[in-house]
Amino acid sequence: MRNKRLRANALAGYLFISPWLIGFVTLTLIPILAIMVLGFTKYPILAAPKWIGLENFRYMFFGDPRFWKSVWATLYFAFASVPLKLAFALAIALMLNLKHRGTSVYRAVYYAPSIVGTSVAVAVMWREIFDSKGLVNGLLHVFGIPSQVAWLGNPHTAIWTLILLVIWQFGSPMLIFLAGLKQIPVELYESAAIDGARTWKRFTRITLPLLTPIIFFNLVLQIIFGLTVFTPAFIITSGAPLDTTNFYALYLYTRAFENFQMGYGSAMAFVLLLIISIFTAVVFKSSPYWVFYESEGPKR
Amino acid sequence: MKRYLPIIISVLLAASVPLFANGQKESGQASGQQQINLGAIWWGSQTRDERTIAAIKLYEKDHPNVHFTYQFAGWNDYWTKVTTQAAGKNLPDIMQQDYAYVTEWTHRNLLTNLDPYVSSGVIDLSHTSAPYIDGGKVDGHLYAIDLGANSQTWVLDTDAFKKAGIPIPPNDWTWNDFEKITMELHQKLGIWGMGPNLTDEQIWKSIYLGLGEWGYAKDGKSVGYSSDKPFVDFLNMALRLQKAGAIPSESNVITYLNKGPEQLPIVTGKSAMAYVWSNQIVALQTAAGADRHFTLHLLPRIAGGKSSNYIKNGQFFSVTSQSKNPKAAAEFINFITNSVDANKILLAERGVPISTIVQDALKPLLSPADAAQFNFVGLVATAGNSSPTPPPDPTGAANVIQNVYQPQVIQPVMFGNITPEQGAALLRSKADAILSGKQQ
Amino acid sequence: MNPKVQNDSPIGAAIAPMNQRQSVGNSLPMSMRQKKRRDLAKSTLFHVLVIASGIIMIYPLLWLLSSSLKPRDEIWNTVTQLIPHHLTIQHYLDGWSGFGGVTFTTFYINTFIYAGFGTILAVVTCTTVAFGFARIRFPGSRIWFAVMLLTLMLPVEIQIIPQYILFSRLNLVNTFVPLLLPRFLDQAGQAFFIFMIVQFIRGIPIELDEAADIDGAGRFSIFTRVILPLIQPPIVTSAIFSFYFTWGDFLTPLVYLNSPQLYTVSLALRAFADPSGLTDWGAIFAMSFLSLIPVIAVFIMFQRYIVQGISTSGMKG
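Criteria and cut-off values
Residues numbered from 1 in each chain as written. Chains lettered and ligands numbered in written order. Predicted model: local features only at pLDDT ≥ 70, side-chain atom pairs only at ≥ 80, totals over all residues. Heavy atoms only, no water. Helix = DSSP H or I, 4+ residues; strand = E, 2+ residues; numbered from the N terminus. Areas by Shrake-Rupley, 256 points an atom, 1.4 Å probe, with all protein chains shown as cover. Lys, Arg positive; Asp, Glu negative; His and termini not counted. Charge placed at Lys NZ, Arg CZ, Asp CG, Glu CD. Pairing = 2+ DSSP bridges. Axes fitted to C-alpha atoms, helices over the stretch in contact; angles between N-to-C directions. Contact = heavy atoms within 4.5 Å. Salt bridge = Lys/Arg side-chain N within 4 Å of Asp/Glu carboxyl O. Buried < 20%, exposed > 50% of the residue type's maximum accessible area, 1.4 Å probe, protein only. Parallel < 35°, antiparallel > 145°, perpendicular 65-115°, else oblique. Left-handed = near helix turned anticlockwise from the far one by under 90°. Nonpolar A, V, L, I, M, F, W, Y, C, P; charged D, E, K, R; others polar. Expected span 1.5 Å × (residues − 1). Bend = angle between axes of the 7 residues up to and from the residue.

Draft legend 1. The arrangement of the overall build of chain A in detail. Counting its regular elements, chain A contains 14 helices and 2 strands. For chain A, the exposed surface amounts to about 12200 Å²; the carbon and sulfur share of it is 70%. For chain A, the distance from the average site of its 24 positive side-chain charges to the average site of its 11 negative ones is 6 Å.

Here you go:
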């Protein structure tokens, strides 16, 4: 009887995930394996790969000054942008969860920056805003600060212009938080209110716990996006100045496609995969302590 | 919403049927002659795409047995696309090539040697001269035909010069003259004397050209100059100008890295000089407005040295080695090079056409900015005003510029983190290692 | 305070319309006028804050619109001024005409098909796969889930060359198949949606599944009758995101689409800009602004499905 159940489960499970599984095996598995292998080769794309053993990795860790700078820039970026982006997303989602007039318009307004996304136009806009004679400095002048800083070119501030760009585009996690907030039944709040709980208590005792699966999701995804950031640096700063915005994915692309070093790029991709898996695994391992799933009931 | 879903899906299905069939169309057979399908790919903006397509259509009209499919992309995407196509063995017959990549592609056996077609007369180069051709030669053989010649130019805002009371310098002005003029412009007008690309890699190479050398050695395996001193002197000059505020600070320079000519400070009057390729004057003038006056000037040169200018072959057309119809492809390239009608459509958007017959035919049709471009290239071609055209950049040059020149040499020097001597030495050692293949 | 106030009431019974919710914060009695004034003050503060930050949010979009309406020689000369001195719609006309006879009409149709189809295919399969991961205990599910997450960590640029070689051997280059097939099979970043929907499903009490199971419902029935109605918000969110991601996607169209007749809007926009020559920035801005409109429209049309809350009439008790 139990075996029959197990077999039924296995059949059903694999059937339901079959679209993804088929896709993975046919379209993604081979490229991933190829990347693993290519990391040990010299592959100029325009000619066949040549085996060079660990040379790519040796150069990466011990001989390439730009590599470590790109790791640092990426980590800095992720650690700065992810918490801020999530904080804004949650705060605005909470605000938009209240019933005031016009919230649907406001929702569109807060989501709009994400829609602009990574187009050529956004790059141009952002450069103009942070130009030494651009809007940001203009506003500072209005407040009496005679700033002439070229924000995008200054090694201390350039990365922050990009951090601000992704934070500005918090619309996606905000929307997800909003969907999560709507899933919390109103009755819980009503009962709590009747029991005399104040706003803050309602937030920490109802909202937050029930929102943890979504917070967990947004955290994991934003970490992944933060560590694989590419387009803002590609279209706005090209990694300058002094490699402070030479993010890992951008440097990888430069090496692979612009310098015809696909072997080195594959090695870098492999290392990136390891780094991100470690961060993600840490978050996953921590999740039983703070993530609460309604479907699984009280733990232990 | 559920009600509309089936309707939406049916409409999408119906409309998308053509997208699942292969997009290539075959046109009807011309009587007797064999149908030839040629593919071409290039990069450019909307203007260039439109004109090139029109030229292609003209060719098809004159040659009904030839049918073209064409592709194009923006500069940033072009190399991603063609590299992928090369890997998938899907390159079209004709591709646009660039100085910086043609050596690499030739060494990977992706381009066809065009010498046989020249000697057999399929490609007629009798109306042009060596400086216009040599840029397309790798290891002594011709692999790419220039579509438009350019040269480096120093753009001077004549109104600004007049206002500051500074005469336009002579053709053989030196870097010392340049420094003096830049400082004076800044002091008298309060703007930057010179714009942001003083430390562009092309200038580094050109400095040595004036001394009979070049940034890269002839065999492409190391840097091509014996002494670091001229470059060190140049960097020190840049530092002095930066300190005085006569040129933009390095932070400002970086903000201009990804911008086109229409966004240079000279356009808005924030600087009095700019450095561009000669065909970019059109964009510059258009953005600045017809009421601004510019003059195109030769590069400053090392005191006692020769000219740092050369005829640069802007963009080429090459025949790919995967092509099934190389002769037909060569014929088309000949058409683009020599046909007056075709060039009346293209209107020198890529630079000055290499055939003198075409140049003469176009002169009366040119806008003032285009005429300026033509005249300038003509000036450069005159004896004494240019040095022989250097060979295309060697394999690994992109690596040197992107991974060493900018981030490890120029930026640290201009930000004051290392000295020019250290920078020049670092450039030499790393470039040598990369170009000789010893290092990634 | 135990968040699980009533163990037997299904969590999905949030039928009470939102605007009947009283704000019962303090228990101090208040006169009607005082209360009205307080509400007005709160409302005003709310609106002021939101409007101010709203302007920060959309200022770049306003800049885009404004620049698209300025004549060519004004664009770069009046960068910090939002209101144009002279208005022109020339850029919209120039931009729309596209390249060599292929106008933006074609590009828009192509992109709608790509984004529309891609979204529907992706969302349908993502939901199914998510149910499998979230609700079925089968051997290997953890490993496959981890593998799926791993696929999000590889830059797509690296995968493009092996995939291109595969599709080119199958003679599928210059069609939409290489663009749509990965979306249908959830290989183009859909792991994001699958993971998200999994998290939402895990927020639904297992008692609902069990109740249906006792009633004799099969797996698929549980999926369609119990779970699906309760995850409309994440499904709609996935659809909105998928539409927007696909709309702006340019790498796969760039590599696989050769004929300009097949180009998408994002690809066409990128073909406009060339630093070595003359770039028509006005046209780029105009067309970029226009390309935002369908995405915003999709968002506005579908966003109410995210926020209308979950209703499960008939599932009580």
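After presenting the structure, the write-up continues.
Draft legend 2. View of the sheet that holds strand S7 (residues 152–157) of chain B. Residues and elements named next belong to chain B. Taken in spatial order, the 3 strands line up as S8-S7-S9 in an open sheet, and their pairing is antiparallel. The outermost strands of the open sheet, each flanked by one partner alone, are strand S8 (273–277) and strand S9 (294–297). Direction aside, neighbouring strands of the sheet carry axes that sit 30° apart on average. Sheet analysis places S7 next to S9, joined by 4 bridges and oriented antiparallel. Opposite Leu156, over in S9, you have Thr295 as the bridge partner. Lying over the sheet, helix H8 (residues 175–189) contacts S7 and S8, oriented at roughly 130° with respect to S8. Where helix H16 (residues 368–381) meets the sheet, its contacts fall on S7 and S9, and the angle it forms with S9 comes to roughly 25°.

Draft legend 3. Region of interest: the pattern of salt bridges. Applying the stated criterion across every chain yields a total of 22 salt bridges over all chains. The partner of Arg58(A) in a salt bridge is Glu55(A), with the nearest N and O atoms 3.1 Å apart. Residue Arg58(A) and its partner Glu55(A) are both found in helix H3 (residues 55–63); the two are separated by 3 residues, about one turn of the helix. Of the residues examined, Arg58(A) reaches a relative accessible area of 42% and is grouped as partly exposed. The class for Glu55(A) is partly exposed, based on a relative accessible area of 28%. Of the charged contacts in the structure, one is a salt bridge between Glu201(B) and Lys205(B), with a shortest N-O distance of 3.5 Å. With Glu201(B) and Lys205(B) both in helix H9 (residues 201–209) and 4 residues apart, the pair spans about one turn of that helix.

Draft legend 4. Summary view of the packing of helix H1 (residues 32–68) of chain C against helix H14 (residues 281–307) of chain C. All names here are of chain C. At a minimum axis distance of 8 Å, the contact between H1 and H14 shows a crossing angle of 130°. When the interaxial angle is binned, H1 and H14 end up oblique. Crossing angle aside, the handedness with which H1 passes H14 is left-handed. In this structure, H1 contributes Leu61, Trp63, Leu64, Leu65, Ser67 and Ser68 to the contact, and H14 contributes Gly282, Phe285, Ala286, Ser288, Phe289 and Leu292. Looking at the contact of H1 with H14, its residues break down into 8 nonpolar, 4 polar and no charged.

Draft legend 5. Local environment of H14(C). An ideal rise of 1.5 Å per residue puts 39 Å on 27 residues; H14(C) measures up with 38 Å between its terminal C-alpha atoms. Taken as a whole, H14(C) carries its principal kink of about 35° at Met301(C).

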